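# Structural overview for review
Take a look at the letters that make up each chain.
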Amino acid sequence: MNETELNLDADLSTEQSPTLLPPLPFPCNVKALNQLRRRWVLNGYMLFKLPLARFAGLRIRELSPHRCVCSIPYGWRSTNPFQSIYFAAQAMAAEMSTGSLALLATRSAPASVSMLVTGMEASFSKKASSETRFTCIEGHLIFDAVQQCIESGEGQRVRVETVG
């Protein structure tokens, strides 16, 4: 389990979703969503901005404004001498599952907003000895924080949880 705290600062789609999901305060940028879903675009982005994540084999398996699933493979690039996945590789995947939702929210925002991860907490209950997936289903909280940031003109903090 991993919790990431994001700090959002403002610079002063209506997407159909199931009724169980809370509505987003502003429409999701479909172009940004589709770019993050395309493997070759994401690979290029990681090659230049996150080369270690690219090398480790980090993947976004599923992405919507409400949910993101990222995975890290079990292999020679991510395995420690104790036959489990390195903590740093797991932290990368966990941060990507929350950070990609924040990236989507800031790119969809009607005003310029910056994002910063300010903290992370993790607890482990089992050895990661196969492909590990991290799921964050709190995208609506990030979109709400971005909206509050735009309305107030002040930075906002939001805690979101990802489970691996």
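Computed from a predicted structure; not experimentally measured. (Residues numbered from 1 in each chain as written. Predicted model: local features only at pLDDT ≥ 70, side-chain atom pairs only at ≥ 80, totals over all residues. Heavy atoms only, no water.)

In this approach, a probe sized like a water molecule rolls over the atoms, and the result shows the empty space that is left. Here the largest pocket is characterised by a volume of approximately 410 Å³. Lining the largest pocket are 19 residues; nearest its centre among them are Tyr 45, Leu 50, Glu 95, Met 96 and Gly 99. Contributions of two or more residues to the lining of the largest pocket are made by helix H2 (39-49), helix H3 (51-56), helix H4 (87-108) and strand S4 (113-122). Sorting elements by how many residues they give to the lining of the largest pocket places H4 first, with 7 residues. Of the pockets and cavities examined, the second largest pocket occupies roughly 350 Å³. Surrounding the second largest pocket, 20 residues form its lining, Gln 90, Phe 124, Lys 126, Thr 132 and Gly 164 being those nearest its centre. Elements represented by at least two residues in the lining of the second largest pocket include exactly H4, S4 and strand S5 (132-136). It is H4 that provides the largest number of residues to the lining of the second largest pocket, a total of 4 residues. Within the lining of the second largest pocket, the residues separate by chemical class into 9 nonpolar, 8 polar and 3 charged. (1 Å grid on protein atoms, 1.4 Å probe; cavity = no way out; pocket = protein on both sides within 12 Å on 5 of 7 lines; lining within 4 Å. Points joined across faces, edges and corners; volume = space filled by probe spheres on them. Helix = DSSP H or I, 4+ residues; strand = E, 2+ residues; numbered from the N terminus. Nonpolar A, V, L, I, M, F, W, Y, C, P; charged D, E, K, R; others polar.)

Counted under the stated rule, the structure contains 4 salt bridges. Between Arg 159 and Glu 121 there is a salt bridge, with the nearest N and O atoms lying 2.8 Å from each other. With Arg 159 in strand S6 (residues 156-163) and Glu 121 in strand S4, this residue pair connects regions lying 38 residues apart in the sequence. Glu 121 sits in the partly exposed class, given a relative accessible area of 45%. Shared partners join several salt bridges into a network, and the residues in it are Arg 61, Glu 131 and Arg 133. (Salt bridge = Lys/Arg side-chain N within 4 Å of Asp/Glu carboxyl O. Buried < 20%, exposed > 50% of the residue type's maximum accessible area, 1.4 Å probe, protein only.)

Functional significance is not addressed by these values, which are geometric in nature.
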